[in-house]
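Coordinates in review
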Amino acid sequence: MEALILNFFQWFWNLFGLWDVIWPWFQHIWPLVWSIMRIVAILVPLILGVAYLPYFERKVIAYMHVRIGPNRVGPLGLLQPIADSLKLMFKEVLFPAKASTKLFIFGPIVALAPALIAWAVVPFADGWVLADIDAGVLFLLAVTSIGVYGIIISGWASNSKYPFLGAMRATAQMISYEIAMGMALVAVLMVSNSLNISEIVRVQDQGRFADMGLSVLSWNFIPLLPMFLVYFISGVAETNRAPFDVVEGESEIVAGHMVEYSGMTFALFFLAEYANMILIAFLASIFFLGGWLSPVGFLPDGHHWLAAKVSFLLFCFLWFRATFPRYRYDQIMRLGWKVFIPICITWILVVGVWMMSPFNIWK
Amino acid sequence: MEFKTFVFYVVAAILVFAALRTITARNPVHAALFLVLAFFSMAAIWMLLQAEFLAIILIMVYVGAVMVLFLFVVMMLDIDIERLRHRFWSYLPLGAMIGLLMVAEMALVLSGTYFSAAALPGQTMPEGYSNTKELARLLYTDFVYPFELASVILLVGVIAAVMLTLRQRKDTKYQNPSEQLAVKRNDRVRLVKMATEKDLPAEPEVKEGGQ
């Protein structure tokens, strides 16, 4: 791929006979240019996905409610996201009096940035990854744990009571579920024997069932089913989605830490929420559903399998929202601390004993 | 100048600035956030030293967990800076002495290796060397007993912290989820069977005209 694009550059500049003039200095900045091109290739589809996910959310929930959903802007309402983003862009950004202006702007940025940085280590297919680093899982956990600062900073900088209380509530929920998510991943790390995310996917293509051509049975979600459920449910709670969306609540806390935000600053929170949803769907598919692997041996592996799994998990996010009533706040905390964490610890123990026993299936 | 050296100086400058602002910022929340920035810069420097495991763990543990809880506390407290500065001069000699002691200790540690830098192992690691794996191997083989001991001490700390702050209040209202879940419909709802209509004594029929 890299050589192909380089050849294209050479052909393009040779049209003007300038390649020999440019190449001596261009070869020094080429690695940088190549990295930026790959980053753009990841971020542009991501931003488009983030723009269209709310549209699909509205459509899916509408059909589940036997409504039609957005259908005014463009055919089938397909231009609705563009209209929404234009509206948000042209709205005035208000600053509350006596708010800490610098931190007020900094908050939404910190909320969004980790959601984008994490994509550096996400593999889309074998070898299709921006940074194939050995400590990939650790990097992910570290980067995603920063996102909570966006909420806590914006809640404090708004200098207002509802945002502050909302931020406290959201932060407590997010750091509680981060623990459960991290522990669920510990079991994955144990069976994969690697912290490299691409390697974790490759390990799921090994074993008796994979040799028989049924790779679907050797994916992590079968031996680690409790961990998969804990990871995905914690992911829903971590992104503050229904039924755990107590961050917002018209009758109690209004819009939580986002009360004072308007226009583009609000849009950043919105972007961060949906980017995090897509990220969680990707990670759950990679860690538990075999990433880019095809479920059966006679079909080739490829990024389309990952896309299919991610779409299904994203649909689940929307499905949950249309199906379940919200949790009460103390029940959310109980679920995280008293149910999920004990399940994780028990299953880590089970997996440890399993791996040491003669029934080890991960050799 | 090598690019790595340039990165080091930029990050080090940010680190020194953030550390200074941590102790000079008037607002305690700003000070805590500058401390977060200092942790980040420190992690970057460790990354330059090829200690990627420690760098990532620094971000995960200190930035992702410890500082969030710290910010919680700092935001909740009503800290009056003026009152804290009230006895600044009386505390100064003690503080200065501790500071000097720390500088002296660091100087002792650093001077030992600084002047014999050539004796240190080479900076570049072989291809495929995994910092994380190496650390894990050491922790679970050579240092397994100290490691397990440390984790037990931490567990004791966790339980002690919970026990010290757990106050059983008599007037707290709380729900017992298992009791809530065990509720049957019959405990809450009673269906009463009754006739939907009741026959009234026959009234004299009123003849209506039209429809």
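Some details on the overall build of chain B
A count of helical and extended segments in chain B gives 9 helices and 0 strands. Buried residues in chain B amount to 16% of all 211 residues. Restricting the contact set of chain B to residue pairs at least 6 apart, pairs at least 24 apart contribute 60%. As presented, chain B carries roughly 18,300 Å² of accessible surface, and 67% of it is formed by carbon and sulfur atoms.

Some remarks on the overall build of chain A
Counting secondary structure elements, chain A contains 13 helices and 0 strands. When the helices and strands of chain A are listed from N to C terminus, the series reads α-α-α-α-α-α-α-α-α-α-α-α-α. Over its C-alpha atoms chain A spans a radius of gyration of 23 Å, differing by no more than 12% from the 21 Å that the globule rule assigns to 363 residues. Its C-alpha atoms put chain A at 70 × 55 × 40 Å along the principal axes.

Describing the packing of helix α2 (residues 19-64) of chain A against helix α11 (residues 263-288) of chain A
Residues and elements named next belong to chain A. With their axes 9 Å apart at the nearest point, α2 and α11 run at an angle of 95 degrees to one another. When the axis of α2 is compared with that of α11, the two are roughly perpendicular. Between α2, through Leu46, Gly49, Val50, Leu53, Pro54 and Glu57, and α11, the contact on the second element is made entirely by Phe270, Leu271, Tyr274, Ala275, Met277 and Ile278. Along the lines of polarity and charge, the residues of the contact of α2 with α11 split into 10 nonpolar, 1 polar and 1 charged.

Some remarks on the interface of chain A and chain B
In this assembly, 27 residues from chain A lie in contact with 26 residues from chain B. Both faces considered, chain A and chain B share a buried interface measuring about 2,100 Å² in area, 78% of it formed by carbon and sulfur atoms. Linking chain A with chain B are 0 salt bridges. Going through the elements one at a time, α5 (136-144), α6 (147-157), α7 (161-192) and α13 (329-356) of chain A are the ones with two or more residues in the side of chain A that touches chain B. In terms of residues, the side of chain A that touches chain B owes the most to one element, α7(A), which gives 6 residues.

Things to note about the packing of aromatic side chains
One pass over the full model with this rule turns up 30 aromatic pairs over all chains. Between the aromatic rings of Phe8(B) and Tyr9(B), the centroid separation amounts to 5.4 Å while the plane-to-plane angle is 65 degrees, which identifies the pairing as edge-to-face. Judged by its relative accessible area of 33%, Phe8(B) is partly exposed. Seen in terms of ring centroids, Tyr140(B) and Phe147(B) are 5.1 Å apart; in terms of plane orientation they differ by 70 degrees. Their pairing is edge-to-face. Members of the aromatic cluster, each reached through a chain of ring pairs, are Trp219(A), Phe221(A), Phe228(A), Tyr231(A), Phe287(A) and Phe288(A).

Rules used throughout
Residues numbered from 1 in each chain as written. Chains lettered and ligands numbered in written order. Predicted model: local features only at pLDDT ≥ 70, side-chain atom pairs only at ≥ 80, totals over all residues. Heavy atoms only, no water. Helix = DSSP H or I, 4+ residues; strand = E, 2+ residues; numbered from the N terminus. Buried < 20%, exposed > 50% of the residue type's maximum accessible area, 1.4 Å probe, protein only. Contact = heavy atoms within 4.5 Å. Areas by Shrake-Rupley, 256 points an atom, 1.4 Å probe, with all protein chains shown as cover. Rg over C-alpha atoms; globule rule 2.2 N^0.38 Å. Axes fitted to C-alpha atoms, helices over the stretch in contact; angles between N-to-C directions. Parallel < 35°, antiparallel > 145°, perpendicular 65-115°, else oblique. Nonpolar A, V, L, I, M, F, W, Y, C, P; charged D, E, K, R; others polar. Buried area = accessible area lost by both parts, 1.4 Å probe. Salt bridge = Lys/Arg side-chain N within 4 Å of Asp/Glu carboxyl O. Phe/Tyr/Trp six-rings, centres within 6.5 Å; stacked < 30°, edge-to-face > 60°.

Limitation: the analysis is restricted to geometry and does not speak to function.
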